[in-house]
Amino acid sequence: MFNRMAGRRETCLTLIGFILTYLKMVASLKSAPEIPTIDQAYSKISNSITVEWATVPGATSYLLTAEDGDTVIETMVANSPGTVTGLKAATLYEITIRSISAAGRSQASLPKQAKTVLAAPILEVSSPSSDSILVQWEAVYMAIGFSVSIMQANGLGSIWKENTTNTSLTFTSLEAGTLYTVKAYAWNANGIPGDDSTCNQRTSPQAPANIQVSFDSGALKASFSWAPAEGAFNYTVMALSDSSELTCSTTLSSCTISSLQCGTEYLISVLASNDAGSSKSSSAVTLKTVACAPGRVMIQEDPPGHLSVTWSNVDLGDYYVAFVKSDDGLEVHCNTSLTQCNFLSECGFTYFISVFAYNKAGQSPLGDIFNYTTAPCCPSDINAVLVSSDRVEIVWSPVRGAELYETKAVDGYNVVECNDTAPACTLSALECDTKYNITVYSFSEVRGSNMSCTPQFITTAPCSPEIKNVSRDAFSMINVHWRSTNDVATYTVTAQGEKGLYQCSSVGESCTMGGLPCGSVFSVTAVAETQAGRSLPSYSVPLETAPCCPTGLTVTQITQSVINVSWTIGTVAQTHVAVLESHTGQSKCHTHQNHCLLGCITCGINYTVTLKAISTTGLAADCSSQSYFSSACCPLGVKLYRLGPNGIRIYWQASRGSANYSTDLYGSKGIFTCTPSAGLSFCDVAEIPCGDVYTVMVSPVAETGLKLTFCPKKIYSVTCSGSTLGMVIYRGKRNEE
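This structure is a prediction, so every number in the text was calculated from the model and none was measured. (Residues numbered from 1 in each chain as written. Predicted model: local features only at pLDDT ≥ 70, side-chain atom pairs only at ≥ 80, totals over all residues. Heavy atoms only, no water.)

> I would appreciate a short explanation of the nonpolar core in the present structure.
Considering soluble globular proteins, one finds that nonpolar side chains tend to be buried as a cluster. V309, W311, A322, F343 and I353 are the most contacted members of the largest nonpolar core, which has 19 residues in total. Looking at this core, the element that brings in the most residues is strand 29 (residues 350-359), giving four residues. When near neighbours in sequence (up to four residues on either side) are disregarded, A322 contacts W311, V332, H333, C334, C341, F343, S354 and V355. (Core = buried A, V, L, I, M, F, W, Y, C linked by side-chain atoms within 4.5 Å. Buried < 20%, exposed > 50% of the residue type's maximum accessible area, 1.4 Å probe, protein only. Helix = DSSP H or I, 4+ residues; strand = E, 2+ residues; numbered from the N terminus. Contact = heavy atoms within 4.5 Å.)

> I keep staring at the packing of aromatic side chains and nothing clicks. Help me out?
Ring pairs (aromatic) are described by centroid distance and by the angle formed between their planes. Taken as a whole and assessed by the stated rule, the structure comprises 12 aromatic pairs. Taking the centre distance of 5.3 Å and the plane angle of 70° together, the rings of W396 and Y405 count as edge-to-face. For the pair formed by W396 and Y405, the shared burial category is buried. Across the ring face of F457, the terminal group of K435 is positioned such that the distance to the ring centre comes to 5.0 Å. The ring of Y372 carries the charged tip of R447 above its face, separated from the ring centre by 4.3 Å. (Phe/Tyr/Trp six-rings, centres within 6.5 Å; stacked < 30°, edge-to-face > 60°. Lys NZ or Arg CZ within 6 Å of the ring centre and 35° of its normal.)

> Which parts of the structure should I look at to understand the confidence of the model for the chain?
For residues with low pLDDT, the predicted coordinates do not support detailed interpretation. Overall, the prediction assigns the chain a mean pLDDT of 88, with 93% of residues at 70 or greater. Long-range and interchain partners of residues 1-13, a stretch whose pLDDT sits below 50, account for zero contacts in this model, where long-range means more than four residues apart. Confidence over residues 723-727 falls short of pLDDT 50; this stretch has 11 contacts with residues more than four positions distant or in other chains. (pLDDT = per-residue confidence, 0-100.)

> What is the right way to look at a nonpolar patch on the surface in this model?
A cluster of nonpolar residues, F352, L366 and I369, forms a patch on the protein surface that exposes about 290 Å² of accessible area. Its place among the elements puts F352 in strand 29. (Patch = residues over 30% accessible without salt bridge, like charges linked within 9 Å, V, L, I, M, F, W, Y side chains within 5 Å. Areas by Shrake-Rupley, 256 points an atom, 1.4 Å probe, with all protein chains shown as cover. Salt bridge = Lys/Arg side-chain N within 4 Å of Asp/Glu carboxyl O.)

Next comes the structure, spelled out in structure tokens:
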């Protein structure tokens, strides 16, 4: 029921639409312009058809319609002719036209059939070689053949045209690097040509010629140049070796390739290129770079003073040059085709060594620079500036290459060392009188010690002697005895004091010196001396000489039994001892003064007087002695007798022994003296005033004529009473104060 109602409704709608269309057509017939008539329709381009018709009065525009059964394409045009575009190539279309005015549009004209021409082939153009162009295209619908033409784009030259049923064509014998214009179209079975296709194509350039190579051995780069190729936009230089390929590109006619490898042979070729492609490679040119720097360089110094430099062989090396430069700037070299060179070397130098390989390209790059430092030189002018018993000071001139000096002193078992950067050394704590083997080794941090330095023998100064005894003999000679451990030495003993210096020498262990001044204090030392030097002085021993003997020894008889011994005090003596000695006995005194009284002297005896000087330390000097004869004894029994009116005889009794006497009478009226003849014991005074009191003294006379005055004196009174021989009255002895 429902389906039946739906069908009726569709029928009703269709009927209504038909009625409306009909009414519209009726209305348009009453106002639309005339229907145009197509004169002709043709196609010149594969996507359009051109239509020509007679103009319709009142029409303001026209609607062209093209139908191929599948599609309808409409185009509004203003007047004839008009072109429908957007069509398919090689397709038959039914063309109609309607005129349009303000009142409406006309009915479609009678249809006219027209077919679009063939489509233009889509070209693919390339230049496989510098003298050819290959043109390729895909098949064109409804095409049975193709026409292809070529000419230079600048219009010069001829035009080549070829027909073909293929889809490719090659033009040859063209100019290299030249821009050509290629034109192609297809035709159908009726011979009607289709659209043409035009494109430009340049031929590839020819390979560059006249290639020049310039090699920079220092920078390991090469510069290349060539004659420019026609039509070339770019150039590419290729350097090909067994292990690498290097290139450089340029728009110019020269190029540089850097970072070439040493010891390598390259094949050099140049390609020219443009938008068409590249030329063939040019004829290859061979480039041999410089050899690489020799490796595995070894340096040996054997024997000292000779350097041997060896290295490994390198590719492309024709010969080698080894350079050796010392740190003072001097450089030597050797050329060789071998892999070894020998050089002379000196101690204390650092040598900088480099080895280069050479070939026609030049010198190899700088390889590693090796340095070799020879052992420092040995000091040769070692001088001992001070040699003592336990110390040796040595100096030397600085030597090349030495940073430190090692000094060793060896005496067989013991070793004494000192290390210093200065060219001097003091070896201490050595044994005296010992022969040392002293060697100064030079040292550098790089090479160590030079152990080939020559030793020098130095003997230390002798040992100091030890004074054992200082003695004095009877002749005032000083004997010095010592002890020493030296093998052979000369010993010098020195006594030094305020009064001078005295010495004696000996190769033994004692010596004697004399002539030392009295009353002096000396310091006695002993020194040993050998060719090696002098020892230190021994410890000093004090020496005191005997005090000096006094001078001016004088003996004076004071009384008959007492004498006075006096002298001038000598140097250093503190006390003196005076001794008076005879066969009868000895008398002695010890005093710190310069005189001494000795009693109990026997008159008329020969004595020996000696004096001894004693120092504060008790050292005594026996001074020289002298004889002294004591005075004669005083006479006894002195009496006076009158001899006439004015004469007096003095009489006495002589003592033992013979002696000379002198008689003196002292009165107020004068002194009267008489001397008896030898052997007599009296003497006379011829004229003497009487009436006076006289003091009478009879004195012994010494051998020197000195009258001794210590005998007792007597007083007598001489009267003048009437007789010729007056009385002489004894008044007694006179006391003397």
